[in-house]
Amino acid sequence: MDKKYTPALWVCILMDLLGCASYAIPVLGEIGDLVWAPISAIIFYRMFGGTIGKFGSFFNFIEELFPGTDFIPTFTLSWMLKRVTEGRLVARKAA
């Protein structure tokens, strides 16, 4: 049985905080999001992989590009989703 990797919660929170950092500099922040969006999407896919990684990296890319949506904690929500789905898989295997 191979163990699936789940990133640490504190890393996910840190990534979400980095995504929100554009609010610190109002005009330059949105320009910085153009650079941060693809980087964040790649990091997201590498952290989560699989279906969550594919869908989440696309969503994360779009979320970082659109102004005013940086407040969505994509990494943290995905961490919670992954933990819930892993728990359900373990419960099904035990039954």
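Refer to the structure above for everything that follows.
All residue numbers here refer to positions counted from 1 along the written sequence of the relevant chain. This being a predicted model, a pLDDT of at least 70 is required before a residue's local features are given, and a value of 80 or more before pairs of side-chain atoms are given or counted; all residues contribute to the totals for chains, interfaces and linings. Only hydrogens and water are set aside; all other atoms, that is, all heavy atoms of the structure, feed into the side-chain values.

**Structural notes on the overall build of the protein chain**
Which entries qualify depends on this criterion: Numbering goes from the N terminus for both helices and strands, where a helix is a DSSP run of H or I of at least four residues and a strand is a run of E of at least two. Only protein chains enter the accessibility calculation, which uses a 1.4 Å probe. A residue is then buried if its area is under 20% of the maximum for its type, exposed if over 50%, and partly exposed in between. Every residue pair with non-hydrogen atoms within 4.5 Å of one another is taken to be in contact. Where accessible areas are quoted, they stem from the Shrake-Rupley method and a 1.4 Å probe; at the residue level, only the protein chains shown are allowed to cover.
Across its full length, the protein chain carries four helices and zero strands. Its helices and strands taken in sequence order, the protein chain reads α-α-α-α from the N to the C terminus. In the protein chain, which comprises 95 residues, the share counted as buried stands at 32%. Counting contacts in the protein chain only where the partners sit at least 6 residues apart, residues at least 24 apart contribute 67% of the total. Carbon and sulfur atoms form 75% of the exposed surface of the protein chain, whose accessible area is close to 6500 Å².

**Details of the packing of aromatic side chains**
Centre-to-centre distance and the angle between the planes together describe a pair of aromatic rings. Applied cut-off: Aromatic rings from Phe, Tyr and Trp, taking only the six-membered ring of Trp, are treated as a pair when their centres fall within 6.5 Å; an angle between ring planes under 30 degrees marks them as stacked, one over 60 as edge-to-face, and anything in between as tilted.
In total, this model carries three aromatic pairs according to the counting rule given. Ring geometry for Phe44 against Phe48: centres 4.7 Å apart, planes inclined by 35°, an arrangement best described as tilted. Residue Phe44 and its partner Phe48 are both found in helix α2 (residues 26–48); the two are separated by four residues, about one turn of the helix. In textbook terms, an aromatic cluster arises when at least three aromatic residues are bridged by ring pairs, as seen for Phe44, Phe48 and Phe75.

**Remarks on the nonpolar core**
Stated formally: As used here, the term nonpolar core means buried Ala, Val, Leu, Ile, Met, Phe, Trp, Tyr and Cys residues forming a set that is joined through side-chain atoms within 4.5 Å.
Ranked by size, the top nonpolar core spans eight residues in total: Cys12, Met15, Trp36, Phe44, Met47, Phe48, Phe75 and Trp79. Every residue in contact with Phe48, bar those within four places of it in the chain, is listed here: Pro7, Cys12, Gly53, Phe75, Ser78, Trp79 and Lys82.

**A few points about α2**
To be explicit about the condition: The reported bend at a residue is simply the angle between two axes, fitted to the 7 residues ending at it and to the 7 residues beginning with it.
Along α2, the largest kink reaches about 40° and is centred on Val35; proline Pro38 follows within four residues of it. Looking one or two residues beyond α2, the residue adopting positive phi is Gly49, at roughly 60°.

**Things to note about the packing of α2 against helix α3 (residues 50–65)**
Quick note on the threshold: Axes here mean lines fitted to C-alpha atoms, for a helix over just the part in contact, with angles spanning 0 to 180 degrees between N-to-C directions. Throughout, the term roughly parallel applies to angles under 35 degrees, roughly antiparallel to angles over 145, roughly perpendicular to angles from 65 to 115, and oblique to all others. Here a crossing is taken to be left-handed if its near helix is turned anticlockwise relative to the far helix by less than a right angle, and right-handed if that turn runs clockwise. Each residue receives one of three labels: charged for Asp, Glu, Lys and Arg, nonpolar for Ala, Val, Leu, Ile, Met, Phe, Trp, Tyr, Cys and Pro, and polar for the others, Gly being one of them.
The contact between α2 and α3 brings their axes to 8 Å, and the two run at 165°. Classified by the angle their axes make, α2 and α3 are roughly antiparallel. With respect to the hand of their crossing, α2 and α3 are arranged in right-handed fashion. Contact residues: α2 offers Asp33, Leu34, Trp36, Ala37, Pro38, Ser40, Ala41, Phe44, Tyr45 and Phe48, while α3 offers Gly50, Ile52, Gly53, Lys54, Gly56, Ser57, Asn60, Phe61, Glu64 and Leu65. Within the contact of α2 with α3, the residues separate by chemical class into 11 nonpolar, six polar and three charged.

**Focus: the packing of helix α1 (residues 9–20) against α2**
In the contact formed by α1 and α2, the axes pass within 11 Å of each other and the chain directions differ by 165°. What the angle tells us is that α1 and α2 run roughly antiparallel. In the packing of α1 onto α2, the handedness of the crossing is left-handed. Taken together, the residues of α2 that come into contact with α1 (itself represented by Val11, Cys12, Met15, Leu18 and Gly19) are Asp33, Trp36, Ile43, Met47 and Phe48. When its residues are assigned to classes, the contact of α1 with α2 shows eight nonpolar, one polar and one charged.

Function cannot be read off these values alone, since they describe shape.
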